[in-house]
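An overview of the molecular structure
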Amino acid sequence: MNSYKIIFALLWLYSALIGRAEAYIDPGSGSYFFQIMIAALLGGLYAIKIYWKNICSKFDKSAKKSDEPSE
Amino acid sequence: MNLVNNCRIKTKDSASFRDPSGFVYTRDDVLLRQVNQVYEEDYRLLMKSGLYNSLVDKGFLVSHSEESLDMALSPEACAVLKPEFVPFISYPDEWCFSQLKDAALLTLEVQKLALESGMSLKDASAYNIQFLRSRPIFIDTLSFEKYREGEPWVAYRQFCRHFLAPLTLMAYRDTRLNQLFRVYIDGIPLDLAGSLLPWHTKMNLSLLTHIHLHAGSENRFAGKKASQGAAVSKMSLMGLLDNLEGAIRNMKLKKFSTTWSEYYDITNYSEESFENKKSIVKGYLRKLKCGTTWDLGANTGVFSKIASEFSGLVISMDIDPLAVEKNYLEIRNNKEENILPLLVDVTNPHPGCGWECVERKSLLDRGGCHTALALALIHHLAIGNNLPLDRIAGFFAGICDNLVVEFVPKTDSYVQKMLSTRKDIFENYTHEAFIKAFNNFFNIESTDKIEGSERILHLMSRRKTNG
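Just so you know, these numbers come straight off a predicted model, no measurement behind them.

When helices and strands are counted, chain B shows 14 helices and 16 strands. In terms of overall dimensions, chain B is globule-like: its C-alpha atoms have a radius of gyration of 25 Å, near the 23 Å expected for 467 residues. With respect to the three principal axes, the spread of C-alpha positions in chain B is 75 × 60 × 40 Å. Taking all 467 residues of chain B together, 55% fall into the buried category. Once local pairs closer than 6 in sequence are excluded, the contacts in chain B between residues at least 24 apart make up 71%. In the structure as shown, chain B presents an accessible area of about 20100 Å², 50% of it carried by carbon and sulfur atoms. With 55 positive and 57 negative side-chain charges, chain B shows a separation of 2 Å between the mean positions of the two kinds.

Set out below in structure tokens:
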């Protein structure tokens, strides 16, 4: 899936940029910011997954209907 | 109104002090949970939203009854709950891979259902999960708070430390790495997990994101203030949960065999002897009608299953993570409800740890048992671990009222194998010395030789006064 590859590439780019900062002030806030960023990406993937499932199930239903013997 | 009157014996649980929403305590030997006024709004929402009923109906959350406020321990109380009793408390370093995986999936499922009901988990600690009727169950009724649109999942980091990091380490590096929980009781630090994991885990989108990048971001953004308007939609939260769930569902243990997981396939006695041993043990247990049984050195749980016919609950303990894994999967598949497999090294069981060394109790402080099984164990303790027989007998006298114990003499081929690479310094390892040591603490009720072997089974009952 193309969107998957793009997100993967973006995350790799991000990993190259973050580096290490020895900041032990409050690691929890770091996690907070990170979640805001990645939730948007993962939410997007999730939305695509749901729409794709819906489309597949519609095709399945119509395929089943056409398989049913006509009266 | 005096809310703390008439208490005869009241004890606050040593692990229940971090959350201002309430705490667990015992009063006259009854376990209760106090809900404080500061949490009242969220508690009422949990009950009215239908979330509580939905979770309890699915077996995901312990049920409770509301008791009189007179039972409260302090004046801040707005409710007192009597939760369903969990007979044995276990910790994540005592779980096998699949137990931790099932606990993780349950936590995510509970969070998804909470979001659908307008609530969210405010913590995702592995210690909030226990095993009841052989299934994981969420025990912290006060972990739910009102979901506020746009807010991130506050327990995301804790979930990654308590579940994702140890599971990934167990699956991709070594199944024994959940033992890190003994040091890191608030979960495995993500930078540590990242440094221990193989490089190729960075090629997995979920592990790259939730462990490697997450660890880097913890340091990068530490101490920065959240800007106004930064928000996480519910769809994004569901995406986050879905991704975590997918990553965990796909995790599998590497296939490899260990010394004990194949034990019953390589025993040194015949099938007839093994059947005879089962029959003798069954006869002993039938006489005892056990409450709780501890099967120490249970391996994959063959004798635990026999004990479960006569016991309320069997704690099936073994040192081998794969033997415990096999045991758990079989119990789960067969829906056996009164056996709890745990990863326990009898020579070094879980100690008291955490705040004041009592936040997490030692194995022995979490209860003794009516009956202990020590089958094919004593020679490992005495010869494999240089433990004197009187210290072994003293240990068992401290944990059980009745003991089913097997003595394997030096002439047995297994013991011979153990001694083949070391000097025999165990002059006192004889049946006579064994009986003498155990007689200090126990009455020997029965002694039976296993047919076709040199092994001897004993049924013992603890003397009222030692000595």
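As a further point, take empty space enclosed by the protein. Residues and elements named next belong to chain B. Taken as a whole, this structure holds 2 cavities of 30 Å³ or more when the rule is applied. There is about 60 Å³ of room inside the largest cavity. Taken together, S120, E145, K146, Y147, R148, E151, P152, W153, V154 and L237 form the lining of the largest cavity. When the residues that make up the lining of the largest cavity are grouped by side-chain class, the tally is 5 nonpolar, 1 polar and 4 charged. Estimated volume of the second largest cavity: approximately 40 Å³. Contributing to the lining of the second largest cavity are W294, L296, M317, V344, D345, V346, P349, L363, L364 and F395.

This part takes up the packing of aromatic side chains. Residues and elements named next belong to chain B. Inspection of every chain in the model, using the stated rule, returns 16 aromatic pairs over all chains. Within the aromatic cluster, the residues linked to one another by ring pairs are F407, Y429, F434, F438 and F442. Above the ring of Y127, the side-chain terminus of R360 is found at 3.8 Å from the ring centroid. Across from the ring centre of Y414, 5.3 Å away, lies the NZ or CZ of K417, which sits over that ring.

Moving on: the pairing of strand β13 (residues 369-374) of chain B. In the case of a regular strand, side chains alternate between the two sheet surfaces. All names here are of chain B. Among the 6 residues of β13, 5 are classified as buried, and the element is accordingly described as predominantly covered. Across 4 bridges, strand β10 (residues 292-296) lies against β13 in parallel orientation. The residue bridging W294 from the neighbouring strand is A372, located in β13. As defined by bridge partners, β13 adjoins strand β14 (residues 400-407) across 5 bridges and the pair is classed as parallel.

The next thing to look at is the pattern of salt bridges. Pairs may arise between side chains of opposite charge once their charged atoms sit close together. All names here are of chain B. Within the structure shown, the criterion is met by 22 salt bridges over all chains. With a closest N to O distance of 3.0 Å, R133 and E84 form a salt bridge. In this pair, R133 is assigned in the loop between β7 (129-132) and β8 (135-138) and E84 in the loop between β5 (77-83) and α3 (97-116), connecting sequence segments 49 residues apart. Judged by relative accessible area, E84 falls into the partly exposed class, the value being 26%. Ionic pairing is found between E309 and K282, a salt bridge with its closest N-O pair at 3.7 Å. With E309 in the loop between α9 (302-308) and β11 (313-318) and K282 in helix α8 (residues 271-288), the pair connects residues that are 27 residues apart, well separated along the chain.

Time to look at the confidence of the model for chain B. Per-residue pLDDT for chain B averages 91, and the proportion of residues at 70 or more is 92%. Predicted as a complex, the structure gets a pTM of 0.90 and an ipTM equal to 0.76.

Once that is clear, we can look at the sheet that holds strand β15 (residues 442-449) of chain B. Residues and elements named next belong to chain B. The mixed open sheet is built from 7 strands, whose spatial order is β12-β11-β10-β13-β14-β16-β15. Either end of the sheet is taken by a strand with one partner, and the two such strands are β12 (339-343) and β15. Each strand of the sheet is rotated relative to its neighbour by a mean of 15°, with strand direction disregarded. Where β15 meets strand β16 (residues 456-462), 7 bridges bridge the pair, whose relative direction is antiparallel. Each bridged residue has a counterpart across the sheet, and for T447 the counterpart in β16 is H458. Where helix α10 (residues 321-333) meets the sheet, its contacts fall on β11 and β12, and the angle it forms with β12 comes to roughly 160°. Sheet strands touched by helix α14 (residues 431-439): β14, β15 and β16. Its angle to β16, the strand with the most contacts, is close to 15°.

As a further point, take the environment of S453 of chain B. Residue and element names in this part refer to chain B. Within the secondary structure, S453 is located in the loop between β15 and β16. According to the relative accessible area criterion, S453 is buried, its value standing at 11%. Sequence-wise, S453 and K277 are 176 residues apart; in three dimensions their C-alpha atoms are separated by 10.0 Å. With residues near it in sequence (within four places) discarded, S453 still touches Y269 and S273.

This part is about helix α7 (residues 234-249) of chain B. At 3.6 residues per turn, the α-helix brings residues three or four places apart onto the same side. Here α7 of chain B is 16 residues long and its end C-alpha atoms lie 22 Å apart, about the 22 Å a rise of 1.5 Å per residue gives. Extensive coverage of α7 of chain B is indicated by the burial of 12 of its 16 residues.

To continue, consider α8 of chain B. Residue and element names in this part refer to chain B. For α8, built from 18 residues, the straight-helix expectation of 26 Å at 1.5 Å per residue is met to within 8% by its first-to-last C-alpha distance of 26 Å. On its buried face, α8 sits against α9, β13, β14, β15 and β16. Just past α8, the residue K289 takes up positive phi, approximately 45°.

What follows concerns the confidence of the model for chain A. Scored by pLDDT, chain A has a mean of 72; 52% of the residues are at 70 or more. The low-confidence segment residues 20-25 of chain A, where pLDDT is below 50, has 10 contacts with residues more than four positions distant or belonging to other chains.

Residue and element names in this part refer to chain B. Counting 124 residues, the largest nonpolar core has F144, W153, F396, L403 and F438 as the members making the most contacts within it. It is α3 that contributes the most residues to this core, 11 residues altogether. The contact partners of L403, leaving out residues within four places of it in the chain, are A372, A374, F396, F438, F442, H458, L459 and M460. Counting 21 residues, the second-largest nonpolar core is a separate cluster that includes I280, C290, L375 and L459.

Rules behind the numbers
- Residues numbered from 1 in each chain as written.
- Chains lettered and ligands numbered in written order.
- Predicted model: local features only at pLDDT ≥ 70, side-chain atom pairs only at ≥ 80, totals over all residues.
- Heavy atoms only, no water.
- Helix = DSSP H or I, 4+ residues; strand = E, 2+ residues; numbered from the N terminus.
- Rg over C-alpha atoms; globule rule 2.2 N^0.38 Å.
- Buried < 20%, exposed > 50% of the residue type's maximum accessible area, 1.4 Å probe, protein only.
- Contact = heavy atoms within 4.5 Å.
- Areas by Shrake-Rupley, 256 points an atom, 1.4 Å probe, with all protein chains shown as cover.
- Lys, Arg positive; Asp, Glu negative; His and termini not counted.
- Charge placed at Lys NZ, Arg CZ, Asp CG, Glu CD.
- 1 Å grid on protein atoms, 1.4 Å probe; cavity = no way out; pocket = protein on both sides within 12 Å on 5 of 7 lines; lining within 4 Å.
- Points joined across faces, edges and corners; volume = space filled by probe spheres on them.
- Nonpolar A, V, L, I, M, F, W, Y, C, P; charged D, E, K, R; others polar.
- Phe/Tyr/Trp six-rings, centres within 6.5 Å; stacked < 30°, edge-to-face > 60°.
- Lys NZ or Arg CZ within 6 Å of the ring centre and 35° of its normal.
- Pairing = 2+ DSSP bridges.
- Salt bridge = Lys/Arg side-chain N within 4 Å of Asp/Glu carboxyl O.
- pLDDT = per-residue confidence, 0-100.
- Axes fitted to C-alpha atoms, helices over the stretch in contact; angles between N-to-C directions.
- Expected span 1.5 Å × (residues − 1).
- Core = buried A, V, L, I, M, F, W, Y, C linked by side-chain atoms within 4.5 Å.

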